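Chains, contacts and geometry: an overview
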Protein chains: 2
Amino acid sequence: MRKVFREIVTIDEAISRLYSHFKPERKVEHLPIQKAVGRIIAEDVYSQTDVPPFDRATMDGYAVRAEDTFEAEEDNPVSLRVVGTIEAGIKPDVEIKEGEAAEIATGAMMPAGANAVVMVEYTRKRGDSIEVFRPVSPGENVMFAGSDVMAGELIVRAGTRLTHREIGVMAACGLKEVAVYGKPKVAIISTGNELTNPGENLEDAKIYDVNSYSIAAAVVENGGEAVLMGIVRDREEEMREIVEKALREADIVITSGSTSAGAGDVMYRILDRWEPGVLAHGIAIKPGKPAIIAIANGKPVFGLPGYPTSALTIFEVVVAPLLREMAGIADNSGKTIRARLAVKVFSAEGRREYLPVNVVRGSAGYSAYPVSGSYSGAVTAFAFTDGFVEVPENVVMLDEEEEVDVRLYSELKPADLMIIGSHCIGVEKLLELMRERQTFTTKVINAGSTGGIMAIKRGEADIAGTHLLDESGVYNEPLIKKYGVRNAVLVKGYLREQGLIVAKGNPKGIKGFGDLLRNDVTFINRNRGSGTRILTDMYLKELAREKGADFVEIVSEIDGYAVEAKTHTSVAIAVACGKADVGVGIKTVAVQYGLDFIPLRSEEYDFLIRKDRLNKKAVGVFLEILKSEEFAEKLQEVEGLKVYDRTGEIVELD
Amino acid sequence: MRKVFREIVTIDEAISRLYSHFKPERKVEHLPIQKAVGRIIAEDVYSQTDVPPFDRATMDGYAVRAEDTFEAEEDNPVSLRVVGTIEAGIKPDVEIKEGEAAEIATGAMMPAGANAVVMVEYTRKRGDSIEVFRPVSPGENVMFAGSDVMAGELIVRAGTRLTHREIGVMAACGLKEVAVYGKPKVAIISTGNELTNPGENLEDAKIYDVNSYSIAAAVVENGGEAVLMGIVRDREEEMREIVEKALREADIVITSGSTSAGAGDVMYRILDRWEPGVLAHGIAIKPGKPAIIAIANGKPVFGLPGYPTSALTIFEVVVAPLLREMAGIADNSGKTIRARLAVKVFSAEGRREYLPVNVVRGSAGYSAYPVSGSYSGAVTAFAFTDGFVEVPENVVMLDEEEEVDVRLYSELKPADLMIIGSHCIGVEKLLELMRERQTFTTKVINAGSTGGIMAIKRGEADIAGTHLLDESGVYNEPLIKKYGVRNAVLVKGYLREQGLIVAKGNPKGIKGFGDLLRNDVTFINRNRGSGTRILTDMYLKELAREKGADFVEIVSEIDGYAVEAKTHTSVAIAVACGKADVGVGIKTVAVQYGLDFIPLRSEEYDFLIRKDRLNKKAVGVFLEILKSEEFAEKLQEVEGLKVYDRTGEIVELD
């Protein structure tokens, strides 16, 4: 009789079943030491030789018997007969007797009889003899055999990740090869009729395969070797064949997709033909519930959900620790950091939630921002995710400012320059010039002008690009002050021509915002919080006033008002490919995509910069370039953007 | 006329000459995305497609016109005619008209006419129709085309190091290949008549080549590809040939050795045949003074000193930044940490010193310990070095407790378990059992019992192994209290049999310490601060008393008293290979090396553990194993060590 695991189990129970049926083992391989950098050493390594292997001169000079120099003084030198010359790498053919010396080079082997080296500076050559002006003590300027490493000493401990330093010591001890842990082979199978390989033409209703590639990369990051088995269709025979092939070739098998409903039963049947077969089918975890864990052919098989974020969550929580164990990589608790939650979060009771977050370093430590849309199958959700917060089964709410542990996907490398705010091509041009000058890592998060101001306030951004028009007609300064930003300055940026972007030749004859109400016109909007959105809404409010109508009424009549593009470019592309007839954006992108442009106004695109970041190197270079002739010229390449007399001007806000 | 750069220049001047004659350029190569993990992306990547590429159902259910469901209620369902079934990956062949619905799977393409999905849970099938019990709003359970990534959006910025996340997003956008920076090819040449390749037999006066291997590894760590050119003898023609070959094949050439005195002139002549040739010959830097920087065949050539620490210092300060720039790796300031200097340090005026330090995390941040012997050519010096402190030319002294910036060689990974103190094979056995249970990273520094106690006091060690005999005849407790250690407990360990280790058959007929005074007997001592050294000196003081002589007088008569082995094993090996006739050590190693053993006494080897580390996982496992039957058995394999009734007993010290 076969057991059936159809009930949902907790994540702890699922993991415990896995380890009770599978004992991870490590492979060992032998590599030349120069190929072993970054690998984990599998055995304690002891030196077989002394280092240095002989008593060695550490200075250029004369090998002597120290006793012979004891009487030497500056004005009463001792005279010694030079009986030979000893070079590095050549065995001395002399023995030093009383009253004798041999010329010796740094690194050369000490001759028998000698026990010290007089530096050449304290001697004078006199025919076949030297005069010594200073006494040396026994052992002076000599490195004794084995004083660096003695034969038998432990030089590298098993489990160490090899750097150039351990490799150098092994070389010094004469080791040519080293035993390191082998990389576990992980076969990766993507299942689903809708999948297409990247690079191929995408037919209707198909999407590109993400999981094969992101999981392969995650396998490599966790010390494994990824073997891509490709895409398999939802047909039992086909799936069975590829799973069996993977089980022959690899140490671990990962499938993704086809876990839910009927498709999941197929995978269940395939895996449960082995003993012990399926150990868990359905885990009380969010995201990732419909996962399968099985042991087939003595190897662990993981059936991950198809959604990228779900698949990677199960990978990180269940697969990665096993993989690292098999690869001999120590459980690195260093990958967890403490952070404060930036917003309140609700969680489902009874399921352990792995909440994806973006981590930003502020003035008072790290802040964790939950990444929205993570569970909907969005790939950008995990692209901007630094790690996750584990929310236990019995916790339903985490408060704002609550301290949480964030488990990082990769090591957190704070960018040299953190720019959060409005998106502008001018910023991209500026960053290009920065990169030409020096390599900086930059993180640019397009959060809109308002998002940028908040990020500056919380200390998360170095610089925020902003173009917020106040009702007084003044850009940025009044609204920034209203947000209560302190300890920051406003650096005037450049001018951007904003307007309506319409198709080439303006086929719909759009003249202004009034045309957005027409039934034959589809609009594309910008995201809330963006300066362009605020500008758009100001024009629409004006329109509502003109019409004597309510703002909400007006916008509900606009087809596409609810569709939010995140960047100017996205607006232009939507218009270019006919998805929308009109959007608000800068002239730059209209020209770039060969579209027509109806100017509305010139806006001031400025930079809000925290004062405590003004001395950061990357911020310094940023400001230098902003004010440079070079940048002014570069902007000329971009239609609709231009520097002006206020560019680079610093406005104090306090 | 040729310029001659024989004068010593500052490091800043040397670097400035390098960059004024050489503009680093980056190569670009195209890789399949799954091979690009860890590489640096060379160009901004924009999506060519929308993600998802079509409006997509995010739930299993029925595709409907939302308007048709507005009237639906729990007790008054709306009936819709099912006109088709839409699977993921297949283009819908139906259009939804008023009053119609189509069964749809998660991930499937929405049919024309439909604008929402009713989840299957809120419907009931009735023949060819369904009843809908809840209204849906337009867009509900639908992910619109481009809402994840819009065509034209910037998805990965140039300069980003690719992780599984960026790779997943690129796959989603259909990208098969990615442009990454190529790895600069670095040719490495070791020069010197004394060098032998690791793995080969070491002839008299020869040493193994260290620099080829440690520099090759450091090149890889800094994003380059290392090409080992092998060892070349100190002959001008041979050197010229290999340098020319390297200049043809590689982007950067590194030589090491042969920089000083006459040999350096040879390298100077070889490199100065090119234009501009040698830019600097001799840099005011410690260690590393006799370095050469040149441009030959349009490529940078670095002549590094032969001593491993000197070579690596120049590499880290001059070569690595250039290499990273050419590899497109951002200057990672994250590699610098603040630490307090553990001891006072004097530095040479007029030379910039790069002081090698070992960094340890204490309770009040990091402490930096200067690594002794670094400039003498010792390889262990750099093996235990975490990084260095830059001491400017005009600074002659850094005080104890002074805050310094430590530039780390590699990322600092605090070990899971830090053991500093006396060396014992029993500890190695215990660590072996720990590793069988779980992977921990352990750092064991053999600093002797006293060094261990001091490290516990400063919070640098979790555990210190100690066996210090007080004059009262009690082990450990009295002396630890004398050192004023607080907030720590003493955990009783095991018994070790200490005695005199002599050659097999005791050919010199040694009976006790009195024999050490004999002219025909060579002793090997242990390092100061070790428990064994203290024991040795206690016996020798007793001997002095017996003889009515002074202690200093007695030890000056012992041949080898000044030679300090760092471990028990080293003592045994010295006796085994005839370098010494007798040493003090534990029975274990005497038996291991087939030597004779004259018992002196059983000593108590205990563990001093900081209280604030008792809750660390690795410490918990350590104590668990110490008290286990498993460990008692394992120790039986080791002659001379045994657990006893006090093993695992906790002694409070406060």
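First, a word on scope: everything that follows refers to the structure included in this document. Residue numbers restart at each chain and count upward from 1, following the sequence in its written direction. For naming, the first written chain is A and the first written ligand is 1, with later ones following in the order written. Owing to the predicted nature of the model, reporting of local features is limited to residues with pLDDT of at least 70; listing and counting of side-chain atom pairs is limited to 80 or more, with chain, interface and lining totals taken over all residues. As a rule here, side-chain values come from all non-hydrogen atoms in the structure, and water together with hydrogens is ignored.

1. A word on the overall build of chain A
Rules: Strands are runs of DSSP state E lasting at least two residues, helices are runs of H or I lasting at least four, and both sets are numbered from the N terminus onward. Think of it in three bands: with a 1.4 Å probe and only protein chains considered, a residue is buried below 20% of the maximum accessible area for its type, exposed above 50%, and partly exposed in between. By definition, residues are in contact when any of their heavy atoms lie within 4.5 Å. All accessible areas in this document rest on Shrake-Rupley with a 1.4 Å probe, and a residue is counted as covered only by the protein chains that are shown. Think of it this way: Lys and Arg go in the positive column, Asp and Glu in the negative one, and His and the chain ends go nowhere. To locate a charge, take NZ of a lysine, CZ of an arginine, CG of an aspartate or CD of a glutamate.
Secondary structure assignment for chain A yields 16 helices and 38 strands. Residues classed as buried in chain A amount to 59% of the 654 residues present. A fraction of 74% describes how many contacts in chain A between residues 6 or more apart in sequence connect residues 24 or more apart. Accessible surface, chain A: about 26300 Å² in total, of which carbon and sulfur atoms supply 48%. Each charge class in chain A was averaged separately, 79 positive and 99 negative side chains, and the resulting centres sit 5 Å apart.

2. Observations regarding the sheet that holds strand S18 (residues 277–281) of chain A
Residues and elements named next belong to chain A. Going by this rule: When DSSP finds at least two bridges between two strands, those strands are taken to pair. In this description, a line fitted to the C-alpha atoms serves as the axis of each element, helices being fitted only across the stretch in contact, and the angle between N-to-C directions of two axes falls anywhere from 0 to 180 degrees.
Spatially, the 6 strands line up as an open sheet ordered S16-S13-S17-S21-S20-S18, and their pairing is mixed. Two strands close off the open sheet at either side, each with one partner strand: strand S16 (225–232) and S18. The sheet shows a mean angle of 20° between the axes of neighbouring strands, direction not considered. As paired strands, strand S13 (residues 185–191) and S16 are joined by 7 bridges and run parallel to one another. In the strand pairing of S16, Thr-191 is matched with Val-232.

3. A closer look at unusual backbone geometry
With an omega dihedral of -10°, the bond running from Val51(B) to Pro52(B) counts as a cis peptide bond. Within the fold, Pro52(B) resides in the loop between strand S2 (45–46) and strand S3 (56–57). Here the amide bond leading from Lys286(B) into Pro287(B) is cis, since omega sits at -5°, within 30 degrees of zero. Locating Pro287(B) in the fold gives a position in the loop between strand S19 (285–286) and strand S20 (292–296). Phi angles above zero are rare outside glycine, and Asn297(A) is one such case at about 55°. Not every positive phi belongs to a glycine, and Glu401(B) is a case in point at roughly 75°.

4. Here's the deal with the packing of helix H8 (residues 425–437) of chain B against helix H16 (residues 629–636) of chain B
Residues and elements named next belong to chain B. Stated formally: Oblique is the label for every angle not falling under 35 degrees (roughly parallel), over 145 degrees (roughly antiparallel), or within 65 to 115 degrees (roughly perpendicular). Definitions for this section: a left-handed crossing has its near helix turned counterclockwise from the far helix by less than a right angle. A right-handed crossing has that turn clockwise. As a working rule, the residues Ala, Val, Leu, Ile, Met, Phe, Trp, Tyr, Cys and Pro are called nonpolar, Asp, Glu, Lys and Arg charged, and the rest polar, with Gly in that last group.
At a closest axis distance of 10 Å, the pairing of H8 and H16 adopts a crossing angle of 135°. Taken together, the axis directions place H8 and H16 in an arrangement best described as oblique. Crossing geometry of H8 relative to H16 is assigned as right-handed. Residues Gly-426, Lys-429, Leu-430, Glu-432, Leu-433, Glu-436 and Arg-437 of H8 pack against Glu-630, Phe-631, Lys-634 and Leu-635 of H16. Taken together, the residues of the contact of H8 with H16 break down into 4 nonpolar, 1 polar and 6 charged.

5. Looking at the pairing of strand S32 (residues 488–502) of chain B
All names here are of chain B. When you tally the buried positions in S32, you get 14 out of 15 residues, the bulk of the element. Pairing between S32 and strand S36 (residues 596–610): 13 bridges, direction antiparallel. Bridge assignment links Leu-495 to a residue of S36, and that residue is Glu-604. Note: S32 against strand S38 (residues 650–652), 3 bridges, orientation antiparallel.

6. Quick notes on empty space enclosed by the protein
Residues and elements named next belong to chain B. The condition that has to hold: Cavities and pockets were defined on a 1 Å grid built over protein atoms only: a cavity is a set of grid points that admits a 1.4 Å probe from which the probe cannot escape, a pocket is an open set flanked by protein on both sides within 12 Å along at least five of seven lines, and lining residues are those with an atom within 4 Å of any such point. Grid points are joined across faces, edges and corners, and a volume is the space filled by probe spheres set on the points.
Overall, the coordinates contain 5 cavities of 30 Å³ or more when judged by the stated rule. By volume, the largest cavity amounts to about 50 Å³. In terms of lining residues, the largest cavity is bounded by Ile-419, Ser-422, His-423, Cys-424, Val-427, Glu-428, Val-444, Asn-446, Gly-465, Tyr-605 and Phe-607. Only H8, strand S30 (442–446) and S36 provide two or more residues apiece to the lining of the largest cavity. Tallied by class, residues from the lining of the largest cavity come to 6 nonpolar, 4 polar and 1 charged.

7. Examining the nonpolar core
Proteins that are soluble and globular tend to have nonpolar side chains buried together. Note the cut-off: To qualify as a nonpolar core, a set must consist of buried Ala, Val, Leu, Ile, Met, Phe, Trp, Tyr and Cys residues joined through side-chain atoms within 4.5 Å.
Ranked by internal contacts, the top residues of the largest apolar core, which has 62 residues, are Ile254(A), Phe302(A), Phe315(A) and Met170(B). Ranked by residues supplied to this core, first place goes to helix H6 (residues 308–327) of chain A with 11 residues. Beyond its immediate stretch of four places on either side in the chain, Ile254(A) contacts Val186(A), Ala187(A), Ile188(A), Ile189(A), Ile215(A), Val219(A), Phe302(A), Leu304(A), Phe315(A) and Val319(A). By size, the runner-up hydrophobic cluster in this structure holds 61 residues, among which are Ile167(A), Leu279(B), Ile293(B) and Phe388(B).

8. Some words on the relation of the copies chain A and chain B
Applicable threshold: The atoms used to superpose the copies are C-alpha atoms, taken from residues with pLDDT of at least 70 in both, and the fit is least squares.
Note on the identical chains: chain A maps onto chain B by a rotation of 180° and an axial translation of 0.0 Å, with an RMSD of 0.2 Å. Look at the turn and shift together and you get a two-fold axis relating the two. In terms of proximity to the rotation axis, the leading residue of chain A is Glu411(A), whose C-alpha is 5.3 Å off the axis. Taken together, the interface assignments show that 99% of the residues at the interface of chain A recur at the interface of chain B, consistent with an identical surface on both copies.

9. What to know about the packing of aromatic side chains
Quick note on the threshold: Any pair of Phe, Tyr and Trp rings, taking the six-membered ring for Trp, is counted once the centres come within 6.5 Å. Such a pair is stacked with planes under 30 degrees apart, edge-to-face with planes over 60 apart, and tilted for the rest. Two limits define a charge over a ring: the Lys NZ or Arg CZ must be within 6 Å of the ring centre, and within 35 degrees of the ring normal.
Counted by the stated rule, this structure contains 14 aromatic pairs over all chains. With a centroid separation of 5.2 Å and an interplanar angle of 20°, the aromatic rings of Tyr494(B) and Tyr605(B) are classed as stacked. Within this pair, whereas Tyr494(B) is found in strand S32, its partner Tyr605(B) is found in strand S36, the two being separated by 111 residues in sequence. As far as the burial class goes, Tyr494(B) and Tyr605(B) line up, both buried. On the basis of an interplanar angle of 85° and a centroid distance of 5.5 Å, the ring pair of Tyr605(B) and Phe607(B) is categorised as edge-to-face. We classify Tyr605(B) as buried; its relative accessible area is 0%. By relative accessible area, which is 1% here, Phe607(B) ends up buried. Joined through ring pairs, the aromatic side chains of Tyr494(A), Tyr605(A), Phe607(A), Phe622(A) and Phe631(A) make up one cluster. If you follow Lys541(A) out to its NZ or CZ, it ends over the ring of Phe551(A), 5.5 Å from the centre. Here the guanidinium or amino end of Arg26(B) rests over the ring plane of Tyr181(B), the centre of that ring lying 5.0 Å away.

10. Focus on the packing of helix H2 (residues 164–172) of chain A against helix H3 (residues 211–221) of chain B
Packing of H2(A) against H3(B) leaves a shortest axis separation of 8 Å and a crossing angle of 165°. Comparing their axes, H3(B) and H2(A) come out roughly antiparallel. The two elements H2(A) and H3(B) meet at a crossing, and its hand is right-handed. Here H2(A) contributes His164(A), Ile167(A), Gly168(A) and Ala171(A) to the contact with H3(B), which in turn contributes Tyr213(B), Ser214(B), Ala217(B), Ala218(B) and Glu221(B). Each residue belonging to the contact of H2(A) with H3(B) can be placed in one class, and the counts come to 5 nonpolar, 3 polar and 1 charged.

11. Some details on the interface of chain A and chain B
Basically, it comes down to this: Two parts placed together each lose some accessible area under a 1.4 Å probe, and adding up what both lose gives the buried area. By definition, a salt bridge exists where a carboxyl oxygen of Asp or Glu is found within 4 Å of a side-chain nitrogen of Lys or Arg. Here a polar contact is taken to be a pair of N or O atoms separated by no more than 3.5 Å, where protein atoms must pair a possible hydrogen donor with a possible acceptor and residues adjacent in sequence count only if both atoms sit in side chains.
In this assembly, 99 residues from chain A lie in contact with 99 residues from chain B. With both sides pooled, the region where chain A packs onto chain B buries about 8400 Å², and carbon together with sulfur makes up 58% of that total. Of all residues in chain A, the largest losses of buried area upon contact with chain B belong to Arg157(A), His164(A) and Arg165(A), amounting jointly to 9% of the total for that side. In this structure, the connection of chain A to chain B is made through 10 salt bridges. Salt-bridge contacts for Asp50(B) lead to Lys579(A); the nearest nitrogen and oxygen are separated by 2.3 Å. Linking chain A to chain B there are 12 residue pairs in polar contact (both at pLDDT 80 or more).

12. Re the pattern of salt bridges
Residue and element names in this part refer to chain A. Evaluation of the coordinates by the stated rule reveals 94 salt bridges over all chains. Residue Glu-624 is joined to Arg-437 by a salt bridge in which the shortest nitrogen-to-oxygen separation is 2.5 Å. Residue Glu-624 is located in helix H15 (residues 617–626), and its partner Arg-437 is located in helix H8 (residues 425–437); the two are separated by 187 residues in the primary sequence. Where Glu-649 meets Arg-646, a salt bridge forms, and the shortest distance between an N and an O atom there is 3.0 Å. Among the charged side chains, a network of salt bridges with common partners joins Asp-12, Arg-352, Glu-390, Glu-393 and Arg-407.

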